[in-house]
Amino acid sequence: MRDYIIGFIFVIALSLLFYSIGAVSTNKNKSDGYKLMVGYLIYSFFIGAFGMIVQLFNIPWKIYLYIVILTLIGTTLYVVYQIKFRKKKIFDNGIKEYFKNNYFLFVVTILLMIVFLFSYNALWFNNHLDDGYYLTKIADLPYVSNPYTFNYSTGFPGQFTFERIINTHELELSTYVYFLNISPSLFTRFFMTGLHYFVFVNSVSAFAYAVLKKINSEFNYYFVQFIPLILILFSFNENFIRFYGLGYYFDSNQFINAAYYGSTMVRTMSFIFLITPFLSQDKIDIKMILCVMGISVVLLSKSTIALPLIFLIAFFYVLTTLFFISKKYFIPVIGFILFLVATIFISKTLHVMPTEDYLLNNILKVNMKSIQLIISYIIILLSYLLRNKYVNRISTILIMLLVFTQVPILSGLYSALSIYTFVAGRGLTLINYTCLIYSFTVLCYFISKLKFQKTIFYVLCGCLFITSAFSYHLAGGSLFYDENKLSPSSLLHALNAIRHNPQFFPETTIELGNTLEEYVENNNKELNVIMTRLVACDGADHSLPIIVRTFCPSEKIHIISSIYRYGNPMSTQFKDFTEQDQEVFENYTVNPSRDSFSKLEVMVNKYDINCLIMPNDKYNDDVMSLGYTLVKTISNSYAGITHYIYVR
């Protein structure tokens, strides 16, 4: 209960800080959503920029902790100064008016959080094992001697990678977890998910208001708060979306399962962050360039998948501004031709064909059959009929993004900048998300003119939420896509699993981690731990080894069974440990014969594995004969799981 109270207080306070920073830093005519978005970007710029410096120069983690605390204090004092001496107001028209015009943002945030509760099996599988990096990093950073080059899942030293060093999102979250003394899984998976959803709905609101004010300066601000309901569409189960031909949004499952990731922020909000502050601008000046650079720092600090998106969005913004706003046709035409030549040249000379083929065959061809995307594309084309130069600029940027990221040969530059296929795929998710948000914004302009507009929004929101929940009932039973069938799941069982595991993490895994941590502290001994890669927990597959260090961050604990996913430590006796060695252990647990036991004995002696996590006690005599002692038994009858911890 303490962690929940602390978490709610912190998230509410941080949200209020974001809004306050934006309120005292922007003009009165800006929307409430815009104020929160700008406050988030300003705060994140300082947190991200300092974080990059700390990681690049290997500055102690504790120094960054103090920087974050000083940033929190400094931004708070800045807000107080602006209110007291500059006579700025947080809520220009009072808090009552704020809630009147923004209550639906809270409704959408809550609905998204409810859908999130239906996806417990994805959490138990640790987001297709990715949490083995992100969540364990957040938990481990304060406790390891070389925090920026460390293999957080295995507990061994890691390697320097530049793209990871400039990502500071996990570094930031680690400071909050540390000074709040809160469960890392609860804080990230629940509270940071909720905070990110709130940033999402406010940012969409800010973007929508900026667009609608350009279409009609008299647009009723009250109706802007309903436009973020489109985000509920993004919460649909990914297998459900693909099976019924609603589109393919690469890694869209992370919008629900892993909203706390920095990459989810990039994959959802990059376009809105980069465009909204300058949607009304008629020219490109130094102030704009500096602001874009600052926003780019924020996006790159969240995830380096932002790099190709930043380049293309900024470049197309420049071209369209010169063409539609400044009416300087020669420069943008020449720039477009040079870009066209460059991307074709890259496509023909560099090895980007696999990425281009994937984008064409796995994403573009699928999405061209998606009724919701086709409708959004049609609305974008029809938006030119509004004869508004600012609308034309946005529509053209989106069309150019669609063409130059998916069409073979023309997507050469984007594919090269992305480097990896998954990076390119995630970028396309952003573009299609933005098309849906933008087209829905334009559509809402006409809905707001109807007689029962509020009722229409309520009904539409309810339909989307019910469909989203139903998608998890119909397709939430499997985390892997099967084109032949869907695997149903019980929503009630999902809610019960969360009820029995209030830290959004299997309680048995938490206890296992705490037990290992306590053992090494009391015995001053290193543990080389092996266990099965998957265990059944609450009726779902739980990838135990890659995540257990979330609750046992000591450098003396090495999870050998994570090596298969996160790589061999090259300077230890485990540099030659292979998946076949791991299978020796798992074969014995499945079939404890004399032959499998003999192989197990050879393997544990060869690698000096001194800790075994066994699934039941039928191996007790064999394990004891190898010199191991049973330290503790962890059992949970509801989850249907037991861990026997043996040490020698």
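Predicted model, so just to flag it, every value in this text is computed and none were measured.

The rules behind the values
Residues numbered from 1 in each chain as written. Predicted model: local features only at pLDDT ≥ 70, side-chain atom pairs only at ≥ 80, totals over all residues. Heavy atoms only, no water. Helix = DSSP H or I, 4+ residues; strand = E, 2+ residues; numbered from the N terminus. Rg over C-alpha atoms; globule rule 2.2 N^0.38 Å. Buried < 20%, exposed > 50% of the residue type's maximum accessible area, 1.4 Å probe, protein only. Contact = heavy atoms within 4.5 Å. Lys, Arg positive; Asp, Glu negative; His and termini not counted. Charge placed at Lys NZ, Arg CZ, Asp CG, Glu CD. Axes fitted to C-alpha atoms, helices over the stretch in contact; angles between N-to-C directions. Parallel < 35°, antiparallel > 145°, perpendicular 65-115°, else oblique. Left-handed = near helix turned anticlockwise from the far one by under 90°. Nonpolar A, V, L, I, M, F, W, Y, C, P; charged D, E, K, R; others polar. Patch = residues over 30% accessible without salt bridge, like charges linked within 9 Å, V, L, I, M, F, W, Y side chains within 5 Å. Areas by Shrake-Rupley, 256 points an atom, 1.4 Å probe, with all protein chains shown as cover. Salt bridge = Lys/Arg side-chain N within 4 Å of Asp/Glu carboxyl O. Pairing = 2+ DSSP bridges.

1. A short note on the overall build of the protein chain
Next up, step 1: The number of helices and strands found in the protein chain is 28 helices and 9 strands.
Next up, step 2: In terms of overall size, the protein chain behaves like a compact globule, its C-alpha atoms giving a radius of gyration of 26 Å where 648 residues would be expected to give roughly 26 Å.
Next up, step 3: Projected onto the principal axes, the alpha-carbon positions of the protein chain cover approximately 85 × 60 × 50 Å.
Next up, step 4: Taking all 648 residues of the protein chain together, 59% fall into the buried category.
Next up, step 5: Sequence separation of 24 or more characterises 76% of the internal contacts of the protein chain that already satisfy a separation of 6 or more.
Next up, step 6: The protein chain carries 48 positive and 39 negative side-chain charges, and their two centres are separated by 17 Å.

2. Re the packing of helix 14 (residues 286-302) against helix 15 (residues 306-325)
Next up, step 1: Where helix 14 contacts helix 15, the axes come no closer than 10 Å and their chain directions differ by 160 degrees. With respect to their mutual orientation, helix 14 and helix 15 come out roughly antiparallel. Crossing handedness for the pair helix 14 and helix 15: right-handed. The segment helix 14 lies against helix 15, with Met288, Ser296, Leu299 and Leu300 engaging Ala306, Leu307, Ile310 and Tyr317.
Next up, step 2: Here the residues of the contact of helix 14 with helix 15 sort into 7 nonpolar, 1 polar and no charged.

3. Considerations on a nonpolar patch on the surface
Next up, step 1: Together, Phe323, Tyr329, Phe330, Ile331, Val333, Ile334, Phe336, Ile337, Leu338 and Val341 make up an exposed nonpolar region whose accessible area comes to about 940 Å².
Next up, step 2: The element contributing the most residues to the nonpolar patch is helix 16 (residues 330-349), with 8 residues.
Next up, step 3: When you line up the elements, Leu338 lands in helix 16.

4. A short note on the sheet that holds strand 7 (residues 611-614)
Hydrogen bonds along the backbone pair up the strands of a sheet, which may run parallel or antiparallel.
Next up, step 1: With mixed pairing, 5 strands are arranged side by side in an open sheet as 6-3-7-9-8. Only two strands of the sheet have a single partner each, and these edge strands are strand 6 (557-559) and strand 8 (629-636). Put simply, the sheet's adjacent strands are angled 20 degrees from each other on average, direction ignored.
Next up, step 2: Sheet topology places strand 3 (residues 527-530) next to strand 7; 2 bridges connect them, and they run parallel. In the sheet register, Ile530 faces strand 7, and the bridge partner there is Leu612.
Next up, step 3: Seen against the sheet, helix 24 (residues 507-523) touches strand 3, strand 6, strand 7, strand 8 and strand 9 (641-647) and runs at an angle of roughly 155 degrees to strand 8.
Next up, step 4: Of the strands in this sheet, strand 3 and strand 7 touch helix 26 (residues 579-590), which is tilted by about 40 degrees from strand 7.

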